[in-house]
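Residue strings, one per chain:
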Amino acid sequence: MALAIGCQTIALWLIERSMMFSKILIANRGEIALRIIRACKELGIRTVAVYSEADKDSLHVRFADEALCIGGASPANSYLNIPAIISAAEITDVEAIHPGYGFLSENSHFAEICESCKITFIGPNSESMNMMADKMTARETMRKAGLPIVPGSQTTVKDKNDALKIAHKIKYPIIIKASLGGGGRGMRVCHNDVRLISSIMTAQAEAEAAFGSPDIYMEKYVTNARHIEFQILADSYGHIIHLGERDCSIQRRHQKLLEEAPSPALDNRLRKKMGDAAVRGAKAVKYRGVGTMEFILEENGSFYFMELNKRIQVEHPVTESICGIDLIKWQIRVATGERLTINQDEVKISGASIECRINAEDPDNNFIPSPGKIEELHFPAGPNIRIDSHAYQGYTISPYYDSMIAKIIAHGKNRDEAIKIMKRALDELIIAPIKTTAGLHRKIMDNKLFLEGKVYTNFLENIYGTKSESEE
Ligand code: MV4
């Protein structure tokens, strides 16, 4: 019997090994393109980079086995240019496309085109994408799966009178969200009838302009929330696990600045409860690949499902460092049909990890972008520091793309140690002459509330005395 199982396991292993891709195309740029190339090299997969005219001197172009220019600097002409990307994939004869994050990573139309061209889209299948197509369908799917959701409208808000009726039922404060919105775009917080009435039509117009649909809906607004997200990993056979949470409460205008894992706000009991809910939600949409179940957490321990992010995320390294798992490699493996070999009870979380995003922005001047040439650059190194970056001395940060220069990830045996490691890493960092968010991170590392782990989504107001967009 043992021998029979052994033979079967070996046979499966052989089949699964032979299904590994031999060549993939990376439909992205910057640090995530480099991160994917690194995983591919270690897996023995050849890589094809695509790049815009603005990115000809980028490291992803140099480090990939092949590289093709796909268009002009503007994303619409290059990294969002589906015909150019598919042509590049056909010319180079790749078996799969890795979309990274942003750009086409959550575009179900692109995923379907890949499928119809017999190219594997490294991401969830179009079925689970469609089950989460708009936020109201997503809420309803998760409610049916038994996840807690914030009280809110069951249908799109038609007009002012409809909005007033719903607001009086769920009570202020309320938040208006675009049905096709995501990541906080197009949200508005209202505290009274006057603000609600004046917000409805502009919110509909903005939703139409930004997402191509004027549909909006309303939820009770949870104040003093923390942003807690669970990393999901799933194979194609319904085996779904979570790799713990990340606390991303320190944000500005829905751009995360710092992420950490584990969250100082969770104990093991709450972690299990939220982790179970995250896995239950992913199972309800038959999720495959890596994904993130996003929740907001109230001070009293109540939590609510917010969104399912169907891509690898910027902040994935904090999870990798505390779990000792390479998420990109697993994302590629499960896309080939390989089985997960890790069970939930084998996921061991060790120590604590913090990621600081170093952006080319001026935090003392309303975070205005500060693109330009990096004349002097020195990255920190040493024990327990990881740097994910595409920058080098002499590299020019382009105004066309997002302003992230580097991610610094510090891993310690506990949160206090991770903070000490991050502090000394930030002291070693030199980027000149462009302005960066490094100084802000140094301030955060000395902030009393941060040191106590008491961070909410309004944290930056304590440092700068400013209000975030949707709270204005
Ligand atoms: C909320 C919320 C409070 N109540 N929904 C932001 C990102 C998106 N995924 C969901 N988001 C939020 N939804 C309800 N019902 C708080 C946030 C939120 C937030 C809101 C305003 C300013 C900053 C924020 C940062 C994280 C989350």
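Because the structure is a prediction, the values reported are computed rather than measured.

**Student:** Tell me about the site of the ligand, and please be specific about residues and values.
**Tutor:** Around the ligand lies a shell of 18 residues, among which Glu 219, Lys 220, Val 222, Glu 294 and Glu 307 are the nearest. Residue Glu 219 places a side-chain N or O atom 2.8 Å away from a nitrogen atom belonging to the ligand. Here the ligand has 530 Å² of accessible area as a free molecule, and 98% of this is covered by the chains. Only strand 6 (174-178), strand 8 (216-220), strand 12 (289-297) and strand 13 (303-309) provide two or more residues apiece to the shell around the ligand. Among the domains, domain 2 (151-220) and domain 3 (226-471) are the pair contributing at least three residues each to the shell around the ligand.

**Student:** Help me get a handle on the packing of aromatic side chains, residues and values and all.
**Tutor:** Inspection of every chain in the model, using the stated rule, returns eight aromatic pairs. Linked through ring pairs, Tyr 79, Phe 103, Tyr 400 and Tyr 401 together constitute an aromatic cluster. Seen from the ring of Tyr 456, Arg 226 lies directly overhead, with NZ or CZ sitting 5.7 Å from the centre. Over the ring of Tyr 237 we find Arg 339; its NZ or CZ atom is 4.0 Å from the centre of that ring.

**Student:** Summarise unusual backbone geometry; cite the residues concerned and give the values.
**Tutor:** Backbone torsion omega between Tyr 172 and Pro 173 reads -5°, so that peptide bond is classified as cis. One can find Pro 173 in the loop between helix 8 (160-170) and strand 6. Here the bond from Ala 261 into Pro 262 is cis, since omega is -10°, no more than 30 degrees from zero. Structurally, Pro 262 can be placed in the loop between strand 11 (255-261) and helix 10 (268-284). You will see that Asn 224, though not glycine, has its phi angle at about 55°, which is positive. Within the secondary structure, Asn 224 is located in the loop between strand 8 and strand 9 (226-234). Located in the positive-phi region is Arg 253, a residue other than glycine, with phi close to 45°. As for its position among the elements, Arg 253 is in the loop between strand 10 (240-252) and strand 11. For Arg 253, a relative accessible area of 32% corresponds to the partly exposed category.

**Student:** Outline the sheet that holds strand 6, supporting the account with residue identities and numerical values.
**Tutor:** Pairing within the open sheet is antiparallel, and its three strands lie in the order 7-6-8. Two strands bound the open sheet, and with one partner strand each, they are strand 7 (188-190) and strand 8. On average, adjacent strands in this sheet sit at an angle of 30° to one another, irrespective of strand direction. Strand direction decides the pairing type here: strand 6 and strand 7, joined by three bridges, are antiparallel. In the strand pairing of strand 7, Ile 176 is matched with Arg 188.

**Student:** Give me the sheet that holds strand 21 (residues 404-412): which residues, what numbers.
**Tutor:** With antiparallel pairing, eight strands are arranged side by side in an open sheet as 13-12-9-10-11-14-21-19. Two strands lie at the open edges of the sheet, namely strand 13 and strand 19 (385-389), each paired on one side alone. Shown here is a sheet whose adjacent strand axes are inclined to one another by a mean of 25°, direction ignored. With five bridges connecting them, strand 19 and strand 21 associate as antiparallel partners. Along strand 21, the bridge assignment pairs Ile 387 with Ile 408. Where helix 2 (residues 30-43) meets the sheet, its contacts fall on strand 19 and strand 21, and the angle it forms with strand 19 comes to roughly 115°.

**Student:** Give me the lowdown on the side chain of His 390, citing residues and values where you can.
**Tutor:** Residue placement: His 390 occurs in the loop between strand 19 and strand 20 (396-397). Looking at His 390, the relative accessible area reads 7%, which means it is buried. There is a polar contact of 3.4 Å between the side chain of His 390 and the side chain of Tyr 395. Leave out the neighbours within four places in its chain, and His 390 touches Arg 29, Gly 30, Glu 31, Leu 34, Leu 59, Tyr 395, Met 404 and Ile 405.

**Student:** An account of helix 12 (residues 327-335) is needed here, citing residue identities and associated values.
**Tutor:** By the criterion of burial, helix 12 is predominantly enclosed, with nine of the nine residues buried. For helix 12, every residue scored as buried is listed here: Leu 327, Ile 328, Lys 329, Trp 330, Gln 331, Ile 332, Arg 333, Val 334 and Ala 335. At the N-terminal end of helix 12, a side-chain oxygen is found 3.1 Å from the backbone nitrogen of Ile 328, two or three residues along, and the residue is Asp 326. After helix 12 finishes, the residue Gly 337 shows a positive phi value of roughly 100°.

**Student:** Lay out the pattern of salt bridges with the relevant residues and their values.
**Tutor:** A full pass over the atoms with the stated rule returns 35 salt bridges. Across the salt bridge formed by Arg 311 and Glu 106, the nearest N and O atoms sit 2.3 Å from each other. With Arg 311 in the loop between strand 13 and helix 11 (316-323) and Glu 106 in the loop between strand 4 (96-98) and helix 5 (108-116), the pair connects residues that are 205 residues apart, well separated along the chain. Close ionic contact of Lys 256 with Glu 229 constitutes a salt bridge, the shortest N to O distance being 3.1 Å. Linking Lys 256 in strand 11 with Glu 229 in strand 9, this pair joins segments that are 27 residues apart in sequence. Note on Glu 229: relative accessible area 0%, which makes it buried. The structure contains a network of salt bridges with shared partners spanning Glu 229, Arg 246, Lys 256, Glu 259, Glu 315, Glu 355 and Arg 357.

Reading the values: rules and limits
All residue numbers here refer to positions counted from 1 along the written sequence of the relevant chain. Thresholds applied to this predicted model are a pLDDT of at least 70 for local features of residues and 80 or more for the giving and counting of side-chain atom pairs; totals over whole chains, interfaces and linings are not thresholded and use all residues. Excluding hydrogens and water, the side-chain figures rest on all heavy atoms present in the structure. Distances are taken per atom, and a residue is near a molecule or strand as soon as one of its heavy atoms is within 4 Å of it. Within 3.5 Å is the distance limit for a polar contact, defined as a pair of N or O atoms, with the added protein rule that one can donate a hydrogen and the other accept it, and that residues adjacent in sequence qualify only through two side-chain atoms. With residues, only the protein chains shown are counted as cover, and all accessible areas are computed by Shrake-Rupley using a 1.4 Å probe. Elements are defined by DSSP. Helices are runs of H or I of four residues or more, strands are runs of E of two residues or more, and each kind is numbered from the N terminus. Note that domain bounds follow an automatic or database assignment of domains. For this analysis, a ring pair means two rings from Phe, Tyr or Trp (six-membered ring only for Trp) whose centres lie within 6.5 Å, classed as stacked if their planes differ by under 30 degrees, edge-to-face if by over 60, and tilted for the remaining angles. Note on geometry: a ring has a charge over it if NZ (lysine) or CZ (arginine) is within 6 Å of the ring centre and within 35 degrees of the ring normal. Burial classes follow relative accessibility: with a 1.4 Å probe on protein chains only, a residue under 20% of its type's maximum area counts as buried, one over 50% as exposed, and anything between as partly exposed. DSSP calls a pair of strands paired once it identifies at least 2 bridges connecting them. Each axis is a line fitted through C-alpha atoms, and for a helix only the stretch in contact is used; angles between axes span 0 to 180 degrees, taken between their N-to-C directions. In what follows, a contact means two residues having at least one pair of non-hydrogen atoms within 4.5 Å. For salt bridges, the criterion is a side-chain nitrogen of Lys or Arg within 4 Å of an Asp or Glu carboxyl oxygen.

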